[in-house]
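# Inside the fold
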Amino acid sequence: MTKPWDATSEHLLRELAPLVLGAVARRFRDFSSAEDAVQEAMIAAFTQWPQEGVPENPRGWLIQVASRRMTDQVRSEIARRERETAVGREADIVVPTVEIESDVDPDDTLILLFMCCHSALTSSSAIALTLRAVGGLSTAEIANAFLVPEATMAQRISRAKQSIKASRVPFRLPTLQERAERLPAVLHVLYLTFNEGYVSSIGAHLQRLDLAREAIRLTRAVKALLPEDAEVTGLLALMLLTDARRDARSGPDEELIPLDRQDRTLWDRAEISEGTELLTAALSKGSVGLYQLQAAIAAVHDEASRAEDTDWPQILALYELLKRVAPSPMVTLNHAIAVAMVHGPSKGLELLRTLDTDARLSGHYRVDAVRAHLLEMVGDYESAIKHYRIAASRTTSIPEQNYLMTQAARLAERRLG
């Protein structure tokens, strides 16, 4: 029996992809080939399911198709090498259909997460590969997250897969030492995956709840594995304190609603409470890191019942500490906003100019969007309109484009009036 293809079916495929990849990679012990086979199975599903309906057991269907691709590949390799042990080896690798559903381990996705962050890879390559294999992001989405061209990211992912294959890394949870070595990359992957789910960088949807929820689920799993790690706890707190606002972030037509205009009664108080409790536990451990500081900033926002009640001096102090702990152009950008809210928009614009020569943010829409907002605050509507329009032309998110063009149109009307 099948179910009709609908808008949720594509999200289902994204959610199943890492589970299927984990099962196939564990069974065949070849991550690179398994990833290719799962991609082929996904393409087959996109082609067949809209016409034939979604199978009653979609995960089993995908594992079966991917396993069949792997088995065909193994048979071809055996035939090419003409080994004497071909028959025996083939019998070990072929996956009977009846075993497919039972071949799913709930830890597969977590194992994939740590395996992709292998020491054979550079940090950026490990993150990119994991976002593709575990997070379900497209190459274009990953490229956006890294601020690099899509072609560059495609090459990086391809090289990463080859490095994993050459390293012959076993499909298992890493040792304690391996966990410590790979944890920074793992956390960065989860952070980027959540961000892409919370603010989708491409397309018609403002949010991709499947990605945000998967990032939270995986972070909970990592915390269960490393319960005493303050940064893991801090990252989970950051996700929950941010995710708590999701229902207030968009209107009935999925239009973007900025933080200062949100209906805060729609915020999820249970998530805020859990996030605050986790943050308190993380900060009590003494060390203060990147994710704990960002969580603390999110908590200050969440504590304010009205936008005008926001404790901006405290947020500014946290950003100044964050700039020392983990400097980055995005931190500088957000710090400029906090400075503007405390010391006035002119001071914020001064800080913003320091980013004009930073190649990492060259042409990034957020710089123009923030500049437009601060120019509006100082009353320079003509320049604000210009930068709102530039920002709209540079973002690939349709809801953000619409919001930025609406801001430009609003100021244009005010100027004429």
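Residues numbered from 1 in each chain as written. Predicted model: local features only at pLDDT ≥ 70, side-chain atom pairs only at ≥ 80, totals over all residues. Heavy atoms only, no water.

### Considerations on the environment of V186
Mapped onto the elements, V186 comes out in helix α9 (residues 176-198). Residue classification places V186 among the buried residues on the basis of a relative accessible area of 0%. For the pair V186 and C117, spaced 69 residues apart in the sequence, the C-alpha separation amounts to 6.4 Å. If sequence neighbours within four positions are ignored, V186 has contacts with L113, F114, C117 and V222. (Helix = DSSP H or I, 4+ residues; strand = E, 2+ residues; numbered from the N terminus. Buried < 20%, exposed > 50% of the residue type's maximum accessible area, 1.4 Å probe, protein only. Contact = heavy atoms within 4.5 Å.)

### Some details on the nonpolar core
If you look at the biggest cluster of nonpolar residues, it comprises 100 residues, and the most contacted ones within it are V24, F31, L62 and V222. Apart from the residues within four sequence positions on either side, V222 is in contact with L110, L113, F114, L183, V186, L190 and V232. Membership of the second largest hydrophobic core comes to 23 residues, among which are L333, L352, L404 and A412. (Core = buried A, V, L, I, M, F, W, Y, C linked by side-chain atoms within 4.5 Å.)

### Concerning unusual backbone geometry
If you check the backbone angles, E254 has positive phi at about 65 degrees while not being a glycine. Tracing the backbone shows E254 in the loop between α11 (230-243) and α12 (269-283). Judged by relative accessible area, E254 falls into the partly exposed class, the value being 28%.

### Quick look at the environment of G53
Along the chain, G53 turns up in the loop between α2 (31-52) and β2 (54-55). Taking the C-alpha atoms as reference, G53 lies 5.3 Å from K3; in sequence the two are 50 residues apart.

### Examining the packing of helix α6 (residues 123-133) against α9
Between α6 and α9, the shortest axis-to-axis distance is 9 Å and the interhelical angle comes to 50 degrees. With respect to α9, the element α6 is oriented oblique. Regarding α6 and α9, the two cross each other, and that crossing is right-handed. When α6 is examined against α9, the residues A126, I127, T130 and L131 are found in contact with a partner set consisting of A185, H188, V189, L192 and T193. When its residues are assigned to classes, the contact of α6 with α9 shows 6 nonpolar, 3 polar and no charged. (Axes fitted to C-alpha atoms, helices over the stretch in contact; angles between N-to-C directions. Parallel < 35°, antiparallel > 145°, perpendicular 65-115°, else oblique. Left-handed = near helix turned anticlockwise from the far one by under 90°. Nonpolar A, V, L, I, M, F, W, Y, C, P; charged D, E, K, R; others polar.)

### Details of the state of the cysteines
Enumeration according to the criterion identifies 0 disulfides in this entry. Left unpaired, C116 is separated from the closest cysteine sulfur, that of C117, by 6.6 Å. (Disulfide = S-S within 2.5 Å.)

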